Amino acid sequence: MPSGIYKRKTLEQRFWEKVKKTKSCWLWIGTKWKGYGHISAWNPKPRILKAHRLSYEWHKGKIPKGLSVLHHCDNPCCVNPEHLFLGTQTDNMRDMRI
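Scope of this entry: the structure provided in the associated data block. Worth saying up front: this structure is predicted, and the values here are computed from it rather than measured.

Some points on the nonpolar core
With eleven residues, the main nonpolar core is built from Phe 15, Val 19, Trp 26, Trp 28, Ile 39, Ala 41, Leu 49, Ala 51, Leu 54, Cys 77 and Val 79. For this core, the elements supplying multiple residues, two or more each, are strand E2 (26-28), strand E4 (36-41) and helix H2 (51-60).

The following block contains the structure:
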């Protein structure tokens with residue numbers, strides 16, 4: 001690449017660089033807060049995205065307002081879409097007790 005020219009990686013490229021796939025969970029190895037993966041984005045303005053929510057949207061679709069993305073595996077750093085499901089905070093509390 002010629003000097004002085006910098007090509008920024010896409011959000012998707014940066015996301016996958018921070019995922020370590022195991023036999024079950026896809027572990028977020030990037031920045032975490034309270035166990036949940038976070039990644040920065042700049043479109044259209046700077047913001048921080050939750051990695052598991054981003055994975056859900058890319059693989060399963062839009063997250064309806066008022067719903068959370070929950071983990072069947074109870075592993076907050078997991079971004080495997082097969083482990084993610086939509087629910088309310090009440091659903092989350094019920095799932096945690098099982």
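Quick notes on the environment of Tyr 56
Along the polypeptide, Tyr 56 turns up in helix H2. The spacing of Tyr 56 and Asn 80 is 24 residues in sequence and 8.2 Å in space, taken between C-alpha atoms. Residues contacting Tyr 56, with those up to four places away along its chain left out, are Gly 61, Lys 62, Ile 63, Val 69, Leu 84, Phe 85 and Leu 86.

Observations concerning the sheet that holds E4
Strands sit in the order E3-E4-E5 across an open sheet of three strands; the sheet is antiparallel. The sheet is open, and its two borders are formed by strand E3 (32-33) and strand E5 (47-50), each paired with just one other strand. Against the sheet, H2 makes contact with E4 and E5, and its axis sits at roughly 70° relative to E5, the strand it touches most.

A short note on the environment of Thr 88
Within the element layout of this structure, Thr 88 appears in the loop between strand E7 (84-87) and helix H3 (89-97). Sequence spacing of Thr 88 and Arg 53 is 35 residues, and the spatial spacing of their C-alpha atoms is 14 Å. With sequence-adjacent residues up to four places away left out, Thr 88 is seen in contact with Leu 67 and Leu 70.

Quick notes on the side chain of His 83
With respect to the element layout, His 83 can be found in the loop between strand E6 (68-71) and E7. A distance of 3.5 Å separates the side chain of His 83 from the backbone oxygen of Ser 24, its partner in a polar contact. The residues touching His 83, leaving out its near neighbours within four places in the chain, are Ser 24, Cys 25, Leu 70, His 71, His 72, Cys 73 and Cys 78.

Here's the deal with the packing of aromatic side chains
Summed over all chains, the structure comprises four aromatic pairs. Where Phe 15 meets Trp 16, the ring centres are 4.9 Å apart and the plane angle is 85°; that geometry is what we call edge-to-face. For Phe 15, a relative accessible area of 0% gives the class buried. Arranged with centres 5.0 Å apart and planes meeting at 75°, the rings of Phe 15 and Trp 58 form a pair that is edge-to-face.

Procedures and definitions
Residues numbered from 1 in each chain as written. Predicted model: local features only at pLDDT ≥ 70, side-chain atom pairs only at ≥ 80, totals over all residues. Heavy atoms only, no water. Core = buried A, V, L, I, M, F, W, Y, C linked by side-chain atoms within 4.5 Å. Buried < 20%, exposed > 50% of the residue type's maximum accessible area, 1.4 Å probe, protein only. Helix = DSSP H or I, 4+ residues; strand = E, 2+ residues; numbered from the N terminus. Contact = heavy atoms within 4.5 Å. Pairing = 2+ DSSP bridges. Axes fitted to C-alpha atoms, helices over the stretch in contact; angles between N-to-C directions. Polar contact = N/O pair within 3.5 Å; in protein donor to acceptor, adjacent residues only side chain to side chain. Phe/Tyr/Trp six-rings, centres within 6.5 Å; stacked < 30°, edge-to-face > 60°.

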